[in-house]
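# Geometric and topological summary
The primary structure of each chain is shown beneath.
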Amino acid sequence: MSYIDGFVVPVPTAKREEYRAHEAKWWPTFRDMGAKAFGVGWGDDVPHGKQTDFFRAVEATAAETVVLCWMIWPDKATRDAAYKKMMELDPDVSGMPFDGKRMIYGGFEPLLMEGTAA
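Residues numbered from 1 in each chain as written. Predicted model: local features only at pLDDT ≥ 70, side-chain atom pairs only at ≥ 80, totals over all residues. Heavy atoms only, no water.

## Looking at the overall build of the protein chain
- A count of helices and strands for the protein chain gives three helices and four strands.
- Reading the protein chain from its N end, one meets helices and strands in the order β-α-β-α-β-α-β.
- Viewed in the frame of its principal axes, the protein chain has a C-alpha envelope of about 40 × 35 × 20 Å.
- By residue count, 32% of the 118 residues in the protein chain fall in the buried class.
- The long-range share in the protein chain, meaning contacts at least 24 apart out of those at least 6 apart in sequence, stands at 84%.
- Of the charged side chains in the protein chain, 14 are positive and 18 negative, and the gap between their average positions amounts to 1 Å. (Helix = DSSP H or I, 4+ residues; strand = E, 2+ residues; numbered from the N terminus. Buried < 20%, exposed > 50% of the residue type's maximum accessible area, 1.4 Å probe, protein only. Contact = heavy atoms within 4.5 Å. Lys, Arg positive; Asp, Glu negative; His and termini not counted. Charge placed at Lys NZ, Arg CZ, Asp CG, Glu CD.)

## Some details on the packing of aromatic side chains
- Summed over the entire model, instances satisfying the criterion amount to six aromatic pairs.
- Ring centres of W27 and F38 lie 6.0 Å apart, and the angle between their planes is 5°; on these two criteria the pair is classed as stacked. Taken as a pair, W27 in helix α1 (residues 16-32) and F38 in strand β2 (residues 37-42) lie far apart in primary sequence, 11 residues in all.
- With 6.0 Å between their ring centres and 85° between their planes, F30 and Y83 make a pair best called edge-to-face. (Phe/Tyr/Trp six-rings, centres within 6.5 Å; stacked < 30°, edge-to-face > 60°.)

## Remarks on the environment of F30
- If you trace the backbone, F30 turns up in helix α1.
- Separated by 26 residues in the primary sequence, F30 and I4 have C-alpha atoms spaced 13 Å apart.
- Not counting chain neighbours up to four residues away, the residues in contact with F30 comprise A35, M71, W73, Y83 and M86.

## A closer look at the side chain of R102
- Structurally, R102 can be placed in the loop between α3 (76-89) and β4 (104-108).
- With residues up to four places along the chain from it excluded, the contact list for R102 reads V8, P10, V58, E59, A60 and E64.

## Some thoughts on a nonpolar patch on the surface
- A cluster of nonpolar side chains, namely F54, L68 and W70, defines an oily patch on the protein surface of about 280 Å² accessible area.
- One can find W70 in strand β3 (residues 64-73).
- For W70, a relative accessible area of 36% gives the class partly exposed. (Patch = residues over 30% accessible without salt bridge, like charges linked within 9 Å, V, L, I, M, F, W, Y side chains within 5 Å. Areas by Shrake-Rupley, 256 points an atom, 1.4 Å probe, with all protein chains shown as cover. Salt bridge = Lys/Arg side-chain N within 4 Å of Asp/Glu carboxyl O.)

## Digging into α3
- Its 14 residues give α3 an end-to-end C-alpha distance of 20 Å, which sits within 8% of 20 Å, the value for a rise of 1.5 Å per residue.
- Residues of α3 that are buried make contact with β1 (3-12), α1, β3 and β4.
- Capping of α3 at its N-terminal end is provided by D75; its side-chain oxygen lies 3.3 Å from the backbone amide nitrogen of A77. (Expected span 1.5 Å × (residues − 1). Polar contact = N/O pair within 3.5 Å; in protein donor to acceptor, adjacent residues only side chain to side chain.)

Encoded structure:
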């Protein structure tokens, strides 16, 4: 069964294109390591909540946009091997146009997947 990685990232709004290019640069590497699909969503309709929200989760400032990313792998083993190899290639994951310390991420076992990305 597929495996999903999810990421929420605060990106300086002024660096939108730099961020897009950064993610586009890495996709071929992940694809070659087995990733099936990758998506990046630039926050467009992300409401501020009363108790919690995406902005608070990543401590986004007024000058930042919240970005949601996901990657779909054929299975967890492929994903784990890819990340191990990735850290050998670039242990600092250098050149990130955002504060990686405020990124939240995790791996998810699909509970339900429908549509073309399934």
